[in-house]
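These are the residues of each chain, in order.
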Amino acid sequence: MELYRDERLKIFILMLLIFFTGFILRVETAHLPGLNPEERAYLTDDHGLPYMYELDSYYNYRVTMNYLKNGHPGDTIRDGIPWDLHSYYPPGRPAVYPPLIAWISLALYRFLALFTDITLYELCFWLPALIAPFAGIAMFFLIRRYSGDLAGFLGGILTVTAPLYFARTLPGFFDTDMFNCLFPVLAVLFFAEATESDNQRYILSGFLYALSILIFSFTWTGWPFILYVTAASAIIYCMIPGRTASLKKTFFPILLALILIGLFNWDQLSYALNPIKLNAPMVSGGDWPDVYGSVSELEPPSPEVFISALGPLNLGIGVLGVLVIISIFLRDEMRRRHLKSFTPFIFILTMVWMLFTLTGYYMSVRFGVLAIPPLTFFSGVFLGVFFSYMDSVGEGIPVRFRLLSVLMVSLLVVSVSVLEASEISRVPLINDDFAGSMDFLKWETPPGTVVVTEWSYGHYITAAANRPVLFDGGSQNTPRAYWIFRAFETDNESLSVGILTMLASSGDNAVSMLENRTGDTELTVRVLNDILGVDRSSAARILSEKYGIEGEFSDKLLNYTHPPRRDFLVLTTEGMRYIGYWYLYYGAWNFTSSNSTALYVAKDVRKSDIEGALRSGLWMGKKPFRFIVRDGDSIRRIEVNGSGNFSVIFLRDDNLAVAVDRYHEGSLFVRMVLLGEDTEHYRKIHRHGSVTVWEVI
């Protein structure tokens, strides 16, 4: 009994060390290390906390607030479905979102509110740092099962300090990444225990596996991957002659998981059983441009990112671990000596797990977090093999040297992984300029005023200003994306205003109505580009004379394209300067050839570079059509070469040069975002540092 108590105490201490290593390192980042006091103040909100690092976090926060206020994730209920009226205005969209992050946040908030005056925002801010370290504890138990306490402890440390997982679970990164290591590790742990159990414990372990999968299905739409991994592993294992586990033990957990999800989360079960649906959110609609091509986290990682995000130490030891384990598996004596608890089943399961997640990571950066647990598992098992070897070499090596080797390797793994994590910091995308502009929108504009802005800022505006947006992170890959980009890309102000007036008042009704009639996206776009920049009577004449569209259909279409204007504002930021290429690229989309071209190159320069270019009339060795120089509020246009095919905009105050196509220098994007000048129809009504709000006149 005494020994049992000592063992439990040792396990408890190791769990605490793993948890607090992950927690304290994350908490330290909230001080924004590396920034001076003025910079920290600029990036800190009224709660004394850094603004949230990732803009989807504000959507999760708003969903959580809706649960608190309304009892569901939406602003209202429509036909029995929670409905989000702030996103994708005016129709809004279903507020169908994995609810676990909101449920956990509210449960903890209500509990802590009994003893403290913590706000819901503060709870949401700190929650990732509280949840993420539990993944390390789960990994400790998984590795411990096969390689002992010390290897499990080191695997737990590697998990909580893995660079990508660490960076995406900092305080203020209020997103579902905090669950994406924890529940897969729990599922693998309980699935292995159920299959490898030699008694009736497989029932309890199978239930815990099924419960882990069920809970995971409430966290993130990518949850089915771990169900596929375990199911594929079970099938492969059952094809091996001489297997030791029965089919009952192998497939009971999977069957139970399907039953539980079917009972409590039916929509997600049908989603998981049709893998084609997993790609549905990533697929562009019809012939409209695929805007996901502009989202960096959906791109494959570069070799440098691939290595650094997983952690060079973790990746190196993990890959080495795979090779060593395979080598040991081929030799029975070595296997009995150093991997006596490591079964063919767990080898198959973890290999499938690693190959599946590394393939996903190779395809897209967003799946990188999923690849961390299997690599960490192999890292931990490899370290366990090393410790076993040190323990079994006998008289060949002195005991002191063996103990010292184990200690040195352990300290090296812990110190390097902690050092890697401690050097990670993030800078919020939001700052005091945004916060001041949100105050303006919230208190100085009528309720219901629609905001048009870059999609990535949409979630922040709906949460902080309580104003609806046309475009946000939940709707970027829709036909509407083209029209908003087109409104900025064109130099025809009447067309730009007409597009935004249509979208803010009637949404996509005109687009879908015309596309349904013509069955031709290119023709639909051509018609709307012809009529949205003119008045209603001129538009009716164009529809009739040029396209043969008249009568009741024409009247209804014009009600959508030329509605009474409702209140809407345009919000631009200096950050948009660095993504201008996509506005011009998608705004000039050729629907006949399904492609586009655009020149937009932003480059940091010195003032001497600007002066040299103006004297020589050259930029990068070529003569541009025109130089446009913005110095404070003064704007000069300098003709250089009448046959030039590009222009260069110099922003003296910001030491920035932007080269654009000649025909795009008059675009609304250049005039509003780069030059910040009032136009015939757009006028600045508020400016707070890097953020400007425009009204239509």
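Refer to the structure printed above.
Residues numbered from 1 in each chain as written. Predicted model: local features only at pLDDT ≥ 70, side-chain atom pairs only at ≥ 80, totals over all residues. Heavy atoms only, no water.

Here's the deal with the pattern of salt bridges
Where we set the bar: We define a salt bridge as a side-chain nitrogen of Lys or Arg found within 4 Å of a carboxyl oxygen belonging to Asp or Glu. We count a stretch as a helix when DSSP gives it H or I for four or more residues in a row; a strand needs E for two or more, and each element gets its number in order from the N terminus. Using a 1.4 Å probe on the protein chains alone, a residue whose accessible area is under 20% of its type maximum counts as buried, one over 50% counts as exposed, and one in between counts as partly exposed.
Counting across every chain of the model gives 29 salt bridges. Between Asp530 and Lys546 there is a salt bridge, and its shortest N-O distance comes to 2.8 Å. Here Asp530, found in helix H25 (residues 521–531), pairs with Lys546, found in helix H26 (residues 536–547); they are 16 residues apart in sequence, far enough to count as distant. Since its relative accessible area comes to 25%, Asp530 is described here as partly exposed. On the basis of relative accessible area, Lys546 is assigned to the exposed category, the value being 53%.

Details of the packing of aromatic side chains
The description of an aromatic ring pair uses the distance of the two centres, along with the angle that the planes make with each other. Quick note on the threshold: The criterion for an aromatic pair is that two Phe, Tyr or Trp rings (for Trp, the six-membered ring) have centres within 6.5 Å, with stacked assigned to planes under 30 degrees apart, edge-to-face to planes over 60 apart and tilted to the rest. Charge over a ring is defined by NZ of Lys or CZ of Arg lying within 6 Å of the ring centre and within 35 degrees of the ring normal.
Per the stated rule, a full pass over the model turns up 48 aromatic pairs. Arranged with centres 5.3 Å apart and planes meeting at 90 degrees, the rings of Phe19 and Phe20 form a pair that is edge-to-face. Here the aromatic rings of Phe329 and Phe342 are separated by 5.7 Å at their centres, their planes lie at 85 degrees, and the arrangement is edge-to-face. Highlighted residues: Phe329 in helix H15 (residues 312–329) and Phe342 in the loop between helix H16 (332–338) and helix H17 (344–363), separated in sequence by 13 residues. An identical accessibility class is assigned to Phe329 and Phe342; each is buried. Each member of the aromatic cluster is reached from another via a ring pair, and the members are Phe471, Phe485, Phe488, Tyr581, Trp582, Tyr583, Tyr585, Tyr586, Trp589, Tyr600 and Phe669. Between Arg335 and the ring centre of Phe329, over which it is positioned, the NZ or CZ distance is 4.5 Å. Sitting above the plane of the Tyr88 ring, Arg480 keeps its charged end 3.8 Å from the centroid.

Structural notes on the sheet that holds strand E9 (residues 646–651)
Keep this limit in mind: What makes two strands pair is DSSP finding at least two bridges between them. Between N-to-C directions, angles span 0 to 180 degrees; the directions come from axes that are lines fitted to C-alpha atoms, helices contributing only their stretch in contact.
Within the open sheet, the five strands sit side by side as E6-E10-E9-E7-E8. Their pairing is mixed. The outermost strands of the open sheet, each flanked by one partner alone, are strand E6 (600–604) and strand E8 (634–639). Across the sheet, the axes of successive neighbouring strands diverge by a mean angle of 15 degrees, strand direction being ignored.

Details of the environment of Trp288
Our working definition: Contacts between residues were defined by any pair of non-hydrogen atoms, one from each residue, lying within 4.5 Å.
Following the sequence through the fold, Trp288 ends up in the loop between helix H13 (266–272) and helix H14 (303–310). Separated by 194 residues in the primary sequence, Trp288 and Tyr482 place their C-alpha atoms 7.5 Å from one another. Once residues within four sequence positions are removed from consideration, Trp288 is found in contact with Pro479, Tyr482, Trp483, Val511, Glu515, Thr521, Val525 and Phe591.

Quick look at helix H12 (residues 247–264)
The following threshold applies: Take the number of residues in a helix, subtract one, and multiply by 1.5 Å to get its expected span.
The end-to-end C-alpha distance of H12, which contains 18 residues, comes to 26 Å, matching closely the 26 Å that a straight helix rising 1.5 Å per residue would cover. Buried residues in H12 make contact with helix H9 (182–196), helix H10 (201–216), helix H11 (224–238) and H13.

Re the sheet that holds strand E12 (residues 691–696)
With mixed pairing, the four strands of this open sheet are ordered in space as E4-E5-E12-E11. Strands at the two margins of the open sheet, each flanked by one partner only, are strand E4 (450–452) and strand E11 (682–688). Going from strand to strand, the sheet's axes swing by 30 degrees on average, the running direction of each strand aside. One ladder, built from six bridges, connects E11 with E12; its direction is antiparallel.

Topic: the side chain of Ser205
Position of Ser205 relative to the elements: it lies in helix H10. The contacts of Ser205, once residues within four sequence positions are left out, are Phe190, Glu193 and Ala194.

A word on the pairing of strand E2 (residues 81–84)
Remark: a regular strand shows side chains that alternate across the two faces of the sheet. Sheet topology places strand E1 (residues 76–78) next to E2; three bridges connect them, and they run antiparallel. Among the inter-strand pairings, Ile77 is bridged to a residue of E2, identified as Pro82. In the sheet, E2 pairs with strand E3 (residues 93–94) via two bridges, with the strands oriented antiparallel. The residue of E3 that forms the bridge with Trp83 is Pro94.

With respect to the environment of Arg577
Within the fold, Arg577 resides in the loop between strand E5 (568–573) and helix H28 (580–587). Accessibility expressed as a relative area gives 3% for Arg577, which makes it buried. When the C-alpha positions of Arg577 and Gly360 are compared, they lie 31 Å apart, and in sequence the two are 217 residues distant. Those residues in contact with Arg577, other than ones at most four positions away along the chain, are Tyr600, Ala602, Arg630, Leu651, Asp654, Leu656, Val673 and Leu674.

Points about the packing of helix H5 (residues 120–131) against helix H6 (residues 133–147)
Under the convention used in this document: An angle below 35 degrees is treated as roughly parallel, one above 145 as roughly antiparallel, one from 65 to 115 as roughly perpendicular, and anything else as oblique. Gly counts as polar in this scheme, as do all residues outside two lists: the nonpolar Ala, Val, Leu, Ile, Met, Phe, Trp, Tyr, Cys and Pro, and the charged Asp, Glu, Lys and Arg.
Two numbers describe how H5 lies on H6: the axes approach to 4 Å, and their chain directions differ by 15 degrees. Regarding the angle of H5 to H6, the classification is roughly parallel. For the pair H5 and H6, contact is made by Pro128, Ala129, Leu130 and Ile131 and by Pro133, Phe134 and Ala135, respectively. Looking at the contact of H5 with H6 residue by residue, the class counts come to seven nonpolar, no polar and no charged.

Some details on helix H24 (residues 509–518)
Along H24, the positions that sit buried rather than exposed are Ala510, Val511, Met513, Leu514 and Glu515. Following H24 by one or two positions, Gly519 has its phi on the positive side, about 65 degrees.

Quick notes on the side chain of His562
Filter applied, for reference: As used in this structure description, the phrase polar contact means that two N or O atoms lie within 3.5 Å; if the pair is within protein, one of them must be able to donate a hydrogen and the other to accept it, and residues adjacent in sequence are counted only when both atoms belong to side chains.
By the secondary structure assignment, His562 is in the loop between helix H27 (551–561) and E5. Reaching out from His562, the side chain makes a polar contact with the backbone oxygen of Val534 at a distance of 2.8 Å. If sequence neighbours within four positions are ignored, His562 has contacts with Ile531, Val534, Asp535, Arg536 and Ala539.

Everything listed here is a matter of geometry and, on its own, says nothing about what the molecule does.
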